[in-house]
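Reading the structure
Spelled out, the chains give:
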Amino acid sequence: NYGSVEEGGLWNWDVSLTFASIVCATDPVAVVGALHELGAPKKLANVIDGEALLNDGSAFVMFLIFRENVDALHRGDPLHTGATGVAFFAQLALGGFALGCLSFTIMNTWLAVVENDWRVELSIILAGVYATFAVAEGLLHVSGVLAVVTLGLLMTRRGKYSMSPEASVAAEWIMPMVAYVTETLIFFIAGIAAWTALTSYSEIVYTDALVLYCVLHLARGLTILVLYPILSHTGYDMRPGELLVVVYAGLRGAVSQTLSLILIADVAFKPIDRARIHFLVASATVLTLVINGTTVKPLYQALKLYPANKYRGLIVQRAIAILEGEAMQKIKEKLIDQDCLYSRANWETVKALIPSLEGTTLGDNNQLQIGEGSRIEVFSDALIRRILSIEQTSRARLEADVAKMALEVPEDESAKGIGAKMHSSFTQGGWFAPTSKRVEQAIAKKNTQVDPRVECRTHTFLAIALADKEHEPTKKVDKPAVPKMSKFASRTAHNKAHDRFTGAASRVVNAGVAATAFDTGDTYTQVEKRGGIVSSLFEVVRQLYDEQYESEMLSGGPLAICREGLQAAEDFLAEFPRASTGSAFELELGVIEYMLPSRPAWAGAAEKIPLVGPVLAQHAEFFSCFDRTEALAGFVRAHERLADIVASDPSRSRFVKHAVSPALAKARASLHAHHLERWVVVSFQISILAARAANDAKRDEVKKLGHAGTLSHQDVGQLAPVFDHAHYKLEASRSGAFFGAMRFARAVERARTSSDMGN
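Keep in mind the model is a prediction, meaning the values are calculated, not measured. (Residues numbered from 1 in each chain as written. Predicted model: local features only at pLDDT ≥ 70, side-chain atom pairs only at ≥ 80, totals over all residues. Heavy atoms only, no water.)

Thoughts on the nonpolar core
The nonpolar side chains of a soluble globular protein tend to be buried, and buried together. Under the convention used in this document: To form a nonpolar core, buried Ala, Val, Leu, Ile, Met, Phe, Trp, Tyr and Cys residues must be joined to one another through side-chain atoms within 4.5 Å. Working definition: with a 1.4 Å probe on protein chains only, accessible area under 20% of the residue-type maximum means buried, over 50% means exposed, and in between means partly exposed. Contacts: residue pairs with any heavy atoms within 4.5 Å of one another.
Membership of the largest hydrophobic core comes to 86 residues, with the highest contact counts inside it found for Tyr 545, Phe 684 and Phe 744. Excluding its chain neighbours within four sequence positions, the residues that come into contact with Phe 684 are Val 378, Phe 379, Leu 383, Ile 384, Ile 387, Phe 622 and Phe 744. Judged by nonpolar contacts, the second largest core, of 32 residues, contains Trp 11, Leu 263, Ile 277 and Leu 280.

Quick word on the pattern of salt bridges
To keep things clear, this is the line we draw: Salt bridge, as applied in this entry: a Lys or Arg side-chain nitrogen positioned within 4 Å of an Asp or Glu carboxyl oxygen. Think of it this way: any DSSP run of H or I at least four residues long counts as a helix, any run of E at least two long counts as a strand, and we number them from the N terminus.
Counted according to the given criterion, the structure contains 29 salt bridges. Between Arg 563 and Asp 546 there is a salt bridge whose closest N-O contact spans 2.8 Å. Remark: Asp 546 occurs in helix H23 (residues 533–550) and Arg 563 occurs in helix H24 (residues 556–575); sequence separation between them is 17 residues. The class of Arg 563 is partly exposed, set by a relative accessible area of 31%.

Some details on helix H5 (residues 118–140)
Rule in force here: By this rule, a helix spans an expected 1.5 Å times one less than how many residues it contains.
With 23 residues, H5 extends 31 Å between its outermost C-alpha atoms, agreeing within 8% with the 33 Å of an ideal straight helix rising 1.5 Å per residue. Buried within H5 we find Glu 121, Leu 122, Ile 124, Ile 125, Gly 128, Thr 132 and Ala 136. Elements in contact with the buried residues of H5: helix H4 (82–113), helix H6 (144–157) and helix H7 (165–200). Phi for His 141, located one or two positions after H5, is positive at around 55°.

Brief notes about a nonpolar patch on the surface
Quick note on the threshold: The patches reported here contain residues having more than 30% relative accessible area and no salt bridge. Joining distances are 9 Å for like charges and 5 Å for nonpolar side chains (Val, Leu, Ile, Met, Phe, Trp, Tyr). Methods summary: accessible areas were calculated by the Shrake-Rupley approach with a probe of 1.4 Å, and residue burial reflects only the protein chains presented.
A cluster of nonpolar residues, Met 177, Tyr 180, Val 181, Leu 185, Phe 188, Ile 189 and Ile 192, forms a patch on the protein surface that exposes about 730 Å² of accessible area. Relative to the elements of secondary structure, Ile 192 occurs in helix H7.

Description of the side chain of Asn 55
Secondary-structure assignment places Asn 55 in helix H3 (residues 42–75). Residues in contact with Asn 55, not counting those within four places in the same chain, are Cys 24 and Thr 26.

Below you can see the structure in the form of structure tokens.
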């Protein structure tokens, strides 16, 4: 039924061979990916990949030869004989190889001339690939596939050294995306063609697809069986079980679909023949992907091709012991204990949020069997109970530290002394005293024996930062005239941070506090400001904020607020040349605190909305705490680092003492107050942030063991996704889980209930 009666109901040889050349092209991407996940040796994947690469090129050449015969028969031209067929094959194959070498020479030379511009380099690569194929097929009539394959092999072997590192990284990201988009389009169009053929011609039989699937595997198996003596004594020395996997890896994909689509407009083929080819090729692709692609893992595991090596098992156990012992201790000492935020977390709580590799063993096929401890649960009841169980002792320890910081005021004028004085002024009257009382107490403290320079800055900041920090509704007070401040606000009306500064300064005048934070000789001089030294320091702080963002210590929202506060401080110094740098840093902190309250102002109103209101309020409050915690910690980290940088210059020690240290003391005090005010939620969030950083550090330790040879490439490939998955869950609880706040609240409620019942 496939051909004319004269042909016995079958296709003629040229049509049959054209179809055979289409379906013999393989695309084992799914199988190779599965083998990599299973930790199969590289040789098996290399054999399958190499066979597919050469098979695709030769299949395309054979397709062109047999299709040319069908076209010649349709036109009435003489067909290829054996000699002309061999000559045509040589033209296509050798011509494609020669063109690929020529294209490589041109591209390699061109890339060597370009001066490290990844955009130009990537454009050269893309243009070179498509131009090579177009010239091969359209002008020289040689194999475009072989030309591009040759170009790719030479670029991989030699051409990559002509590319800049930036271009190499960009190519690794962009080229797979280009391949993904093109393959998706090919499958989409091929699916339309197959469905059109199936619905347009009733002569097409569904069972032919199953017959073709079986015949393809039988033919592939017979071919490998005939070549087994050669394969078992040359090259990789393939064993029977490995060859069975090679047979099973013969998936059909984009290349077969592309060749079948070329025939859409070829009138030399009968419409019914084109329809059958589209249907059969699409069926072979779907069946091999669905059956072979999903069952290759169980087949590989059942064959047990590579028995476990007891010596390698000992090496793996030693590596796991290093990761869970020395590596975790190093992470705790160098990352957790030294950080101003992560050091607040309980280490046992943090460890519960990091995948544990204890219990990991070496199974069949030398594949790691990862233990149950690798799975983490962020909102587990056990985790919340642990946080609640240490609340009393941890809170008492923090309050003791706060009291110690407030009382220890050295007589000397060291940076620590100045910071302690600032901290003492800030914390008089208790942590949770109303803002108006704190301002009044700061004013009343004016007559105490405190360094007047410190006193001036204390009053200024208390009025600017603390008054803005007040959450309770206050009576509206008419703002008195502040000419200089008004000029400042009008000049920067586009910046909300500057408007807040003006409002805060007005409240200072209302309270009777002199809002004068001008240079008293304790900071960089005006000459140094004009010389750009102070502006350079602000640029350093900005860079430190960006570095925290790149290392995921600071999220996007807190980063934006920190940068806005820094910009407000920088513009403040530009507007008032006699103002001290310390007052600018205090303004920076005041803006951060104002814009990131622990509870959004609209949360109370949102709670009154039926059904969704409480959920929205919970969500907003939960993530506002996250943002405030990160921003305050980011401020402390950046200015601690700034103090270290400036302290390296002995002549600038006064800058650290009078400008950076007071702002740092206030930031630490604010972080203390925030933690004490919302102990459970902030402790949970700090544990999440610390666990995320420790998880990434542990993943880096796994990769280091891989580079050192203690773990194999396959081991790292199995272990790295464990930490990637944990990172995703921790990151989702930070920024992506809308119902995270609700789950946390319910977990806290369950933990408190169980604790009360236990008591």
